[in-house]
Structures are given as structure tokens and as C-alpha cells.
Amino acid sequence: PVLFETTADCLDVVLNRPDVGNLITNEMGLEIARVLRDLGPEIKLIRLRGKGANFCKGRQAPQIDRATMTPLQVRHPVAEVPLALYAAVKEARAPTLAVVQGEALGVGCALAAVCDLTIAADDAVFQVPELNHNIAPTLVMWALLNRVPYKTVAHLVFTRECISAQRAEALGLVTKVAASAALEREAENLAQGILSRPAAPLQGIKEFLKFASRMDPASASAFSSVLNAAVTSSAPREPHK
């Protein structure tokens, strides 16, 4: 259900259930989380894609017996697995790029948002529909935390509006919109621009993005200085022109 394709210094994570809109199962989520946690230092970029017409139409609900299972027993399959997936994407060593076509709903919307960069086809759509089923989408909301503004989260979860790629870009959910026919070419150009740089500064940037927002200003300043020095001393320098 998930394909992992490594080409030199780029890892493609491909959701491979096109017949059901790439609904994510718990097994898929755990496998993606495991691979991202074990990522080697040579990887410069992680691309998250979906096979077929849609990026990801959500999550396949795990089988639970509400009559006999305690809240603690329900917590793992319902909550802990998707949270582990989101955390693995957030904490991945290398920058992450989502390439979105078609529908990105629920978990799909969260995955599109949680990546560092998101390029979407101009006919892609995004939605967090959980409240339609009387579910408080706090798991998706955690994925959106520190990715989009507070009011964007509130708007998506309360209104359940299905928004266009252009609207998603305006709300900070998407970083670039491309014509549907040109999505693959634009995504490849974006990826190659990143992959042309050494791993050390790319991973240093990701490290700062991961941790600086959790620090007080003085600590973030010190962290930026130390990280800059570490990257500068390890990355190959290009000759002056």
C-alpha cells in the first residue's frame, strides 16, 4: 500500500491505494513513520505523493469494538497511530515536500499541511470533514499546529468547507499552486532546486524549523548561531565567482 523509492539522495513515499483514493490504514501510517525515523544522513529531500487521481481521501477507520474496549484500548488504534505518523513527518531529518492532486481530505489534508513545502495542482481540493461525523478533529489539528495560522485551523474544522488549491495557498496550507498538467514538471523543478544543495545546510534548516519555534527568543538566537557554525564548518563551500 506504500511504495518507498530512493533515487540517490531523494526518498519518494508514495501512497499506493488509488482504487480507494489512497485511504491510509494504520499499517501504512506505522510503516511510513518507521521509514522516516530511520532516515539516513544522505537523504536531502522526502517527497510525499499519492498514486492515481487523488492525493489522499482520508483514513480507513480501524476496527474497534466500542462495546468492549476501554478508552485506553481505543486510544492506540484511533489516536496514537496517526499522531505518530504526523510526528514522523514533522521530525524527519530532511525537508519534506507534498505533491498534491485531486482530493486531500482529513488525514490527507493534514499530511499536505504538515510537510515543509506543499505544491498542489490548481484543481486540487482540501477539506477537514470530521465534524460532519460529530468527531472533534484534534489529531488533524495537532498536525496543523505551527503549520498554518490559528484562524485557518478554526475555519477548516468548524466550517468543513472544501477549499480550492488557490484558497489553500492564501490560507497558508499550500506553498505553490501549479497547473494540473504541469504539476509533475513543477514539482520536479522544485525538488531539483533543493537537491542541488548539500545535505548539511538542508538538514540544518529543517533542524531550525523544527525546534526554534519552541524556544524563547534568546535560546532560539543561540541555537541559530551554533547551528549556523556547525553547518558552515561541515558543508562544502562553492568558489566565489
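What this report covers is the structure whose coordinates are included nearby.

Quick notes on the rules
Residues numbered from 1 in each chain as written. Predicted model: local features only at pLDDT ≥ 70, side-chain atom pairs only at ≥ 80, totals over all residues. Heavy atoms only, no water. Buried < 20%, exposed > 50% of the residue type's maximum accessible area, 1.4 Å probe, protein only. Helix = DSSP H or I, 4+ residues; strand = E, 2+ residues; numbered from the N terminus. Pairing = 2+ DSSP bridges. Contact = heavy atoms within 4.5 Å. Axes fitted to C-alpha atoms, helices over the stretch in contact; angles between N-to-C directions. Parallel < 35°, antiparallel > 145°, perpendicular 65-115°, else oblique. Left-handed = near helix turned anticlockwise from the far one by under 90°. Nonpolar A, V, L, I, M, F, W, Y, C, P; charged D, E, K, R; others polar. 1 Å grid on protein atoms, 1.4 Å probe; cavity = no way out; pocket = protein on both sides within 12 Å on 5 of 7 lines; lining within 4 Å. Points joined across faces, edges and corners; volume = space filled by probe spheres on them. Phe/Tyr/Trp six-rings, centres within 6.5 Å; stacked < 30°, edge-to-face > 60°. Lys NZ or Arg CZ within 6 Å of the ring centre and 35° of its normal.

Next up on the list: the pairing of strand β2 (residues 10-15). β2 sits mainly inside the fold: 6 of its 6 residues count as buried. The alternating pattern of β2 places Cys 10, Asp 12 and Val 14 on one face and Leu 11, Val 13 and Leu 15 on the opposite face, and all of these are buried. With 6 bridges connecting them, strand β1 (residues 2-7) and β2 associate as antiparallel partners. Bridge assignment links Glu 5 to a residue of β2, and that residue is Asp 12. The loop that links β1 with its antiparallel partner β2 comprises 2 residues; one of these, Ala 8, has a positive phi angle of about 55°. Pairing of β2 with strand β3 (residues 45-50), which is carried by 6 bridges, proceeds in the parallel orientation.

The next subject is unusual backbone geometry. The bulk of non-glycine residues show a negative phi, and the bulk of peptide bonds are trans. Within the chain, Ala 8 stands out as a residue other than glycine whose phi angle is a positive 55°. We classify Ala 8 as exposed; its relative accessible area is 68%. Its identity is not glycine, yet Arg 160 carries a phi of approximately 60°, on the positive side. Position of Arg 160 relative to the elements: it lies in the loop between α5 (150-159) and β8 (163-164).

Pairing in this open sheet of 3 strands is mixed, and the strands run β5-β7-β8 from one edge to the other. On the outer flanks of this sheet lie β5 (103-105) and β8, each paired with one strand and no other. Its contacts with the sheet put helix α3 (residues 107-114) on β5 and β7 (125-127), and the angle it makes with β5 is roughly 95°.

What follows deals with the packing of helix α2 (residues 71-91) against α3. Put simply, α2 and α3 touch, their axes get as near as 10 Å, and they point 15° apart. It follows from the interaxial angle that α2 and α3 lie roughly parallel. Relative to α3, α2 is oriented so that their crossing is right-handed. In this structure, α2 uses Leu 85, Tyr 86, Val 89 and Lys 90 to contact α3, whose residues at the interface are Val 107, Ala 110, Leu 111 and Val 114.

This part takes up the packing of helix α8 (residues 199-211) against helix α9 (residues 217-234). Look at α8 against α9: their axes get within 9 Å of each other, and the N-to-C directions meet at 170°. Accordingly, the angle class assigned to the pair α8 and α9 is roughly antiparallel. As α8 packs across α9, the resulting crossing turns out to be right-handed. Across the interface between the two elements, Ala 200, Pro 201, Gly 204, Glu 207, Phe 208 and Phe 211 of α8 pack against Ala 220, Phe 223, Ser 224, Leu 227, Val 231 and Ser 234 of α9. Of the residues belonging to the contact of α8 with α9, the class tally is 8 nonpolar, 3 polar and 1 charged.

This part takes up the layout of surface pockets. If a probe as big as a water molecule is rolled over the atoms, it shows which places are left empty. Its volume calculated, the largest pocket comes out at about 590 Å³. Looking at the largest pocket, it is lined by 23 residues, and the ones nearest its centre are Arg 59, Ala 61, Val 78, Glu 130 and Ile 135. Broken down by secondary-structure element, the contributors of at least two residues to the lining of the largest pocket are α2 and α4 (138-144). The greatest single-element share of the lining of the largest pocket, amounting to 4 residues, is contributed by α2. Here the residues of the lining of the largest pocket are counted per class, giving 15 nonpolar, 4 polar and 4 charged.

What follows covers the packing of aromatic side chains. In this structure the tally under the stated criterion is 2 aromatic pairs. Between Phe 211 and Phe 223, the ring centres sit 6.5 Å apart and the planes meet at 80°, which makes this aromatic pair edge-to-face. Within this pair, whereas Phe 211 is found in helix α8, its partner Phe 223 is found in helix α9, the two being separated by 12 residues in sequence. It is Lys 90 that lies over the ring of Trp 142; its NZ or CZ is 4.0 Å from the centre.

Note that every value here comes from positions in space, so none of it alone points to a role or purpose.
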